[in-house]
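# Structural characterization, general
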Amino acid sequence: MNTKEKECKVLCFAIQKGGVAKTTSSVSISAVLASCGYRVLLIDNDPQANSTRAVGKYDSRPGSISITNIMDDMFNYRAFDKNKGIRHTDEEFDILPSSDSYAGIELQMISMLSREYFLKRYVDMQRDDYDYIVIDCPPNLGMLTVNALVAADEVLIPAQAQDYSAMSIQQVLNTIKMIQQYPNPNLKIGGILLTMFNPRRNEDKFMQNSIKTAFHDVRLFETTIPYSIRVSEAARKHKSIIKYDADGKVAEAYVKFVEEVLSNG
């Protein structure tokens, strides 16, 4: 892999469904990119703060700084240090943590002018300091996810090879098309990533082919991410699967996936 990028690239993982390894993918791709020498910032844009917890940076103590504080500063036109709240992980990438209080931010956004641009303004502040910025979104297509799509250069769609995945994929594609029409006409669809995939299951292979046929104009990554209990173990240990089980099948799959993402240009 190349270890230098001319300009910062902003990637976001988005789909209107939970349990599809969205957070695992966000953390893993951040870890792989960092291991290649890239400067990486992971933004936890989800009030559930799963990415933050997964890397051991969740902090509920009074005075702790998270994306909630950043957005509140922006809402109220307060000047702030752009490095405020950013924490360095043991895996050589940075993270802007989330917190439970972030859930109230979306409610505040609804009544604000230019509400879809708040995260973009923050992301644009960080572009000079990073090669890649990865945004982990909530499992819905609400205002927080819309903000991520407006801020991003490329969206990656994680999905399981199951019957109801087609509907979730179509919903996020519809939202992306709306974003491309006005707030972010340069937003690129990177592709669909099948997660927790078992190539030995006929149902998984059937759904893989069905998704490829139904969304033939969208790239379906050749790499699939297998299921492994080691992923849950890694999260409990506050490590990415890349660090926790470097030689395992999931870590190897994410390395191949990053290679495909980088080949997109």
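Residues numbered from 1 in each chain as written. Predicted model: local features only at pLDDT ≥ 70, side-chain atom pairs only at ≥ 80, totals over all residues. Heavy atoms only, no water.

### Focus: the pairing of strand β5 (residues 132–136)
When a strand is regular, its side chains alternate between the sheet's two faces. For β5, the tally of buried residues reaches 5 of 5 residues, placing the bulk of the element in the interior. With burial as the criterion, each face of β5 is covered, one bearing Tyr 132, Val 134 and Asp 136 and the other bearing Ile 133 and Ile 135. Summarising the sheet, strand β1 (residues 9–13) and β5 pair through 5 bridges and their orientation is parallel. When the sheet's bridge partners are listed, Leu 11 is paired in β5 with Val 134. The pairing of strand β2 (residues 40–44) with β5 spans 5 bridges and is parallel. For Val 40, the partnering residue across the bridge sits in β5 and is Tyr 132. (Buried < 20%, exposed > 50% of the residue type's maximum accessible area, 1.4 Å probe, protein only. Helix = DSSP H or I, 4+ residues; strand = E, 2+ residues; numbered from the N terminus. Pairing = 2+ DSSP bridges.)

### As for the sheet that holds strand β3 (residues 87–88)
Read across the sheet, 8 strands follow the order β3-β4-β2-β5-β1-β6-β7-β8 without closing on themselves; strand pairing throughout is mixed. Both edges of this open sheet fall to β3 and β8 (220–226), since each of them pairs with a single strand only. Relative to strand β7 (residues 188–197), strand β6 (residues 154–160) is paired through 7 bridges, and the arrangement is parallel. What sits directly across from Ile 157, in β7, is Ile 192.

### Overview of the packing of aromatic side chains
Considering all chains together, one arrives at 5 aromatic pairs under this definition. Centroid distance Phe 13 to Phe 257: 6.4 Å. Interplanar angle 55°. Geometry classified as tilted. Of this pair, Phe 13 sits in strand β1 while Phe 257 sits in helix α11 (residues 249–263); the two residues are 244 residues apart in sequence, bridging distant segments of the chain. Phe 257 carries the same exposure label as Phe 13, and that label is buried. Where Phe 75 meets Phe 118, the ring centres are 4.6 Å apart and the plane angle is 75°; that geometry is what we call edge-to-face. (Phe/Tyr/Trp six-rings, centres within 6.5 Å; stacked < 30°, edge-to-face > 60°.)

### Quick notes on the pairing of β7
Judged by how many residues are buried, β7 sits mostly within the fold: 7 of 10 residues are covered. On the question of chirality, the crossover connecting β6 to the parallel β7 by way of helix α7 (residues 165–181) is right-handed. The pairing of β7 with β8 spans 3 bridges and is parallel. Among the inter-strand pairings, Phe 197 is bridged to a residue of β8, identified as Pro 226. In the classification by handedness, the crossover that spans β7, the intervening helix α8 (residues 202–214) and the parallel β8 is right-handed. (Right-handed = clockwise from strand over helix to strand, strands pointing away.)

### Quick word on a positive patch on the surface
A contiguous patch of positive charge on the surface is contributed by Arg 236, Lys 237, Lys 239 and Lys 243. On the secondary structure map, Lys 239 appears in the loop between α9 (229–236) and α10 (241–244). (Patch = residues over 30% accessible without salt bridge, like charges linked within 9 Å, V, L, I, M, F, W, Y side chains within 5 Å. Areas by Shrake-Rupley, 256 points an atom, 1.4 Å probe, with all protein chains shown as cover. Salt bridge = Lys/Arg side-chain N within 4 Å of Asp/Glu carboxyl O. Lys, Arg positive; Asp, Glu negative; His and termini not counted. Charge placed at Lys NZ, Arg CZ, Asp CG, Glu CD.)

### Details of the nonpolar core
If you look at the biggest cluster of nonpolar residues, it comprises 55 residues, and the most contacted ones within it are Ile 43, Met 71, Leu 119, Tyr 122, Ile 135 and Ile 192. In terms of residues, this core owes the most to one element, helix α6 (residues 143–151), which gives 7 residues. Dropping the residues within four chain positions of it, Met 71 is found in contact with Tyr 102, Ile 105, Met 109, Phe 118, Leu 119 and Tyr 122. (Core = buried A, V, L, I, M, F, W, Y, C linked by side-chain atoms within 4.5 Å. Contact = heavy atoms within 4.5 Å.)

### What to know about the pattern of salt bridges
A side chain with one charge may pair with a side chain of the opposite charge, provided their charged atoms come close. Scanning the model with the defined rule gives 17 salt bridges in all. Linking Asp 204 and Arg 201 is a salt bridge whose minimum nitrogen-to-oxygen distance equals 3.6 Å. On the basis of relative accessible area, Asp 204 is assigned to the buried category, the value being 4%. Judged by its relative accessible area of 39%, Arg 201 is partly exposed. Shared partners join several salt bridges into a network, and the residues in it are Asp 72, Asp 73, Arg 78 and Lys 84.

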